[in-house]
Amino acid sequence: MFKKILIANRGEIALRILRCCKELKIQTLLIYSRADRRSLPVMLADESLCIGPESAVDSYLQQDLIIEIALKTGCDAIHPGYGFLSENSEFAFKCERAGLTFIGPSPSIIALMGDKQAARELVKRHGIPLVPGSEGVLSCAEEAKAVAQKIGYPVLIKASAGGGGKGMRAAYGPKELEVAYRQAVQEAEKAFGCGDVYLEKLITDPRHIEIQLAADKYGNVIHLGERNCSIQKYHQKLLEEAPAFGLSDALCSEMAETAVRAAKACGYDSVGTVEFLVDRDDHFYFIEMNTRIQVEHPVTESICGLDLIRLQIRSAAGKKLPLTQEQVLFRGHAIECRINAKSPGKITMLHFPQGLGVRIESSLYEGDEVSPFYDSMIAKIIVTGESRRQAVYRMRSALAELVIEGVSTNLSEMLLLLYRPDFVLGGYDTSFWEKNELFLKEAQLSASKGS
């Protein structure tokens, strides 16, 4: 096992990794930017070191400096968390060359599955269903039009190196496609340094379903069930739940087996996730594979009782999976709500909900500063119940108890959506936000006037 891990991240995920390392009796070094100098992870790490100014480019993305610090401070591994360098194959290769373990899959797997088009071609060879689309990267808008004409509108332009909704544009006709192509390329170049894009048929109002996987370096791969991540605002997830309510056991089992097959096809050797779209006829299609721990991993942990960060670290250290597929047991239902800040500022009052089945993932504390420099998510509220109904009731109570003052957040809209009929019935899809946005805005406005 590792003696000392450098944590190359911030916020709640850095805190999550710190706690796991403490349980495993692994020393920790946390790097941080000047904006995070008073953060909770900095206070709790065994050692912490300021790496640069507020900008992520000048701090958390400084690959060579991070590796240099790791070597000088006696670290034998680096944990990237999610975001930042977590799916950067170049950084993983540099770690490997420096004799450091990158806690994640091998660099070649990150490179392969991080290239969305290459990943599509790989899984296609293994009989895994794909959304119809271009055979490779598009060379120009005219080629995109030709593919769209063949498969039919609407279509979706997607960045080959993309993720998080960036470099993604929908088009419902040839004129829209020209604009969508140009915008997707520009955004992809800005976000990922690569303007390669491809085209897919736009599946109307699908459900976004993920399969959580765990693998080791000995060819063992297991799945830890599915998550429904269909409630999204502009392609950014807001709420996730596990298991996926409303899908048949047979469909979920088939998706899980397909995800395991995809992982084995690329020789996967860490914790990861395969994402699918499920259409109205319950046909599912491979979207991509995330080669890292995900924000929503706590809902899976809550129903299977396993520590995914621990599994990830063990795998990187060359340990075999501690259980087989038959030993994975699921119980209850879990829901996660992401709480996002709408403005920077100082937290003047903070109260997190408590009680049976309530879990909080956050690095916030009263007096803490919410920075404008990084992702807007400031807390995750996770609840678990014996049934979905109980989990929904618990989440309503938890959000009603949550108090965050000093910054504007999305708390009220998250609480409101839990009462919408399409959420309560559980048959929602990725069109949920679009269908409910006007109601949520009006309800928030009415509530603010009443106060």
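Coordinates for the structure precede this section.
A brief structural summary. (Residues numbered from 1 in each chain as written. Predicted model: local features only at pLDDT ≥ 70, side-chain atom pairs only at ≥ 80, totals over all residues. Heavy atoms only, no water.)

Description of the overall build of the chain
And then number 1: Scanning the chain from N- to C-terminus turns up 15 helices and 20 strands.
And then number 2: Here the C-alpha radius of gyration of the chain, 21 Å, is about what a compact globule of 451 residues would show, namely 22 Å.
And then number 3: Along the three orthogonal principal directions, the C-alpha set of the chain runs to about 60 × 60 × 45 Å.
And then number 4: Scored against the burial criterion, the 451 residues of the chain give a buried share of 55%. (Helix = DSSP H or I, 4+ residues; strand = E, 2+ residues; numbered from the N terminus. Rg over C-alpha atoms; globule rule 2.2 N^0.38 Å. Buried < 20%, exposed > 50% of the residue type's maximum accessible area, 1.4 Å probe, protein only.)

Things to note about a negative patch on the surface
And then number 1: Negative charge collects at one region of the surface, where Asp115, Glu121, Glu189 and Asp196 lie side by side.
And then number 2: Relative to the helices and strands, glutamate 121 resides in helix H6 (residues 116–125). (Patch = residues over 30% accessible without salt bridge, like charges linked within 9 Å, V, L, I, M, F, W, Y side chains within 5 Å. Areas by Shrake-Rupley, 256 points an atom, 1.4 Å probe, with all protein chains shown as cover. Salt bridge = Lys/Arg side-chain N within 4 Å of Asp/Glu carboxyl O. Lys, Arg positive; Asp, Glu negative; His and termini not counted. Charge placed at Lys NZ, Arg CZ, Asp CG, Glu CD.)

Quick word on the packing of aromatic side chains
And then number 1: In this structure the tally under the stated criterion is eight aromatic pairs.
And then number 2: Summarising the aromatic geometry, the rings of tyrosine 60 and tyrosine 374 are spaced 5.7 Å apart at their centres and angled 80° between planes, so their arrangement reads as edge-to-face. In this pair, tyrosine 60 is assigned in the loop between strand E3 (47–52) and helix H3 (63–72) and tyrosine 374 in the loop between strand E18 (369–370) and strand E19 (377–385), connecting sequence segments 314 residues apart.
And then number 3: Judged by its relative accessible area of 0%, tyrosine 60 is buried.
And then number 4: With a relative accessible area of 12%, tyrosine 374 lands in the buried category.
And then number 5: Summarising the aromatic geometry, the rings of phenylalanine 423 and tyrosine 428 are spaced 5.7 Å apart at their centres and angled 25° between planes, so their arrangement reads as stacked. (Phe/Tyr/Trp six-rings, centres within 6.5 Å; stacked < 30°, edge-to-face > 60°.)

Considering the sheet that holds strand E14 (residues 333–340)
And then number 1: Read across the sheet, eight strands follow the order E13-E12-E9-E10-E11-E14-E19-E17 without closing on themselves; strand pairing throughout is antiparallel. The two strands at the open ends of the sheet, each matched to only one other strand, are strand E13 (284–290) and strand E17 (358–361). Neighbouring strand axes in the sheet, compared pairwise and without regard to direction, differ in orientation by 25° on average.
And then number 2: With six bridges joining them, strand E12 (residues 271–278) and E13 adopt antiparallel strand pairing. When the bridges of E13 are listed, phenylalanine 276 appears paired with phenylalanine 286. (Pairing = 2+ DSSP bridges. Axes fitted to C-alpha atoms, helices over the stretch in contact; angles between N-to-C directions.)

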